[in-house]
Amino acid sequence: MAETLDELGPVDWIVVEFPGPNFGDGQIAPFLDDLVKRELVRVLDMVFLRKTEDGTLETAEISDLEEGQLGEVRMAEAELAMVLSEQDVMDLAATIEPGHSAAVLVWENLWAAPFGSAIRKAGGQLVASGRIPTQAVIAAFEADAEAEPEALKEGS
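Residues numbered from 1 in each chain as written. Predicted model: local features only at pLDDT ≥ 70, side-chain atom pairs only at ≥ 80, totals over all residues. Heavy atoms only, no water.

1. Considerations on helix 2 (residues 29-37)
Restricting attention to buried positions, one finds in helix 2 the residues Ala29, Leu32 and Asp33. Looking straight down helix 2, one finds that the buried residues subtend no more than 100° of arc, so they occupy a single side. The positive-phi residue at the C-terminal boundary of helix 2 is Glu39, with phi of around 60°. (Buried < 20%, exposed > 50% of the residue type's maximum accessible area, 1.4 Å probe, protein only. Helix = DSSP H or I, 4+ residues; strand = E, 2+ residues; numbered from the N terminus. Arc of directions from axis to C-beta.)

2. Digging into the pairing of strand 3 (residues 57-60)
Two elements, strand 2 (residues 41-51) and strand 3, share four bridges in a ladder whose sense is antiparallel. Residue pairing in the sheet places Lys51 in a bridge with Leu57 of strand 3. Connecting the antiparallel pair strand 2 and strand 3 is a turn made up of five residues, with Gly55 showing a positive phi of about 90°. (Pairing = 2+ DSSP bridges.)

3. Remarks on a nonpolar patch on the surface
Taken together, the side chains of Ile132, Val137 and Phe141 define a hydrophobic patch exposed on the protein surface, amounting to about 320 Å² of accessible area. Here Ile132 shows up in the loop between helix 5 (113-121) and helix 6 (134-155). When its relative accessible area of 64% is taken as the criterion, Ile132 is described as exposed. (Patch = residues over 30% accessible without salt bridge, like charges linked within 9 Å, V, L, I, M, F, W, Y side chains within 5 Å. Areas by Shrake-Rupley, 256 points an atom, 1.4 Å probe, with all protein chains shown as cover. Salt bridge = Lys/Arg side-chain N within 4 Å of Asp/Glu carboxyl O.)

4. A look at helix 4 (residues 86-93)
Among all positions of helix 4, only Val89, Leu92 and Ala93 are buried. Angular distribution of buried residues about the axis of helix 4 spans 100°; they occupy a single face of the element. Residues of helix 4 that are buried make contact with strand 1 (11-19), strand 2, strand 3 and strand 4 (100-109). (Contact = heavy atoms within 4.5 Å.)

5. Quick word on the sheet that holds strand 2
Spatially, the four strands line up as an open sheet ordered 1-4-2-3, and their pairing is antiparallel. For this open sheet the edge positions go to strand 1 and strand 3, each flanked by a neighbour on one side alone. Going from strand to strand, the sheet's axes swing by 20° on average, the running direction of each strand aside. For strand 2 and strand 4, the ladder comprises nine bridges, and the chain directions are antiparallel. Paired with Val43 across the two strands is Trp107, which belongs to strand 4. Packing of helix 2 onto the sheet brings it into contact with strand 2 and strand 4, and relative to strand 2 it is tilted by some 160°. (Axes fitted to C-alpha atoms, helices over the stretch in contact; angles between N-to-C directions.)

6. Let's talk about the pattern of salt bridges
All told, the structure shown has four salt bridges when counted by the stated rule. Here Asp12 ties to Arg131 by a salt bridge, and the two come within 3.1 Å at their closest N and O atoms. Here Arg131 lies in the loop between helix 5 and helix 6 and Asp12 lies in strand 1, a separation of 119 residues in the sequence. In this structure, the salt-bridge partner of Asp34 is Arg38, at a minimum N-O distance of 3.0 Å. A residue is classified by how much of its surface remains accessible, and Asp34, at 34% relative accessible area, is partly exposed.

All we've got here are geometric facts, nothing functional implied.
Below is the structure:
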């Protein structure tokens, strides 16, 4: 088991919220399935949340949902590690708006596992990590594009 853990890639998680009670009507499952089949990611845990209009929380595992809601992602159920604790789920559920649903996904980045393993074998360790939201990157590019004409005017 220690050898397998030494080869573990970086692990990420996301909460994706959808308006209403459905989880994207199966539109997302084929893309996740493709990432798994290409061995880019390994799904470690997946939980589905629904918050009613009065704020009542309903949780579901893959096996609790209808086949049409998840497409082929249901096939990954047997391999899930159940990384999230009940408290993790409750904390994440606080981010969901009443009347909405959400999927919580935890995955291993298999593509980065060899690099992570090499770092650990060389005596290194991850001391910080983060993710820049896509919206922030887009905003930065847009701000740069707007500032560029101004910089050209000032340089004239």
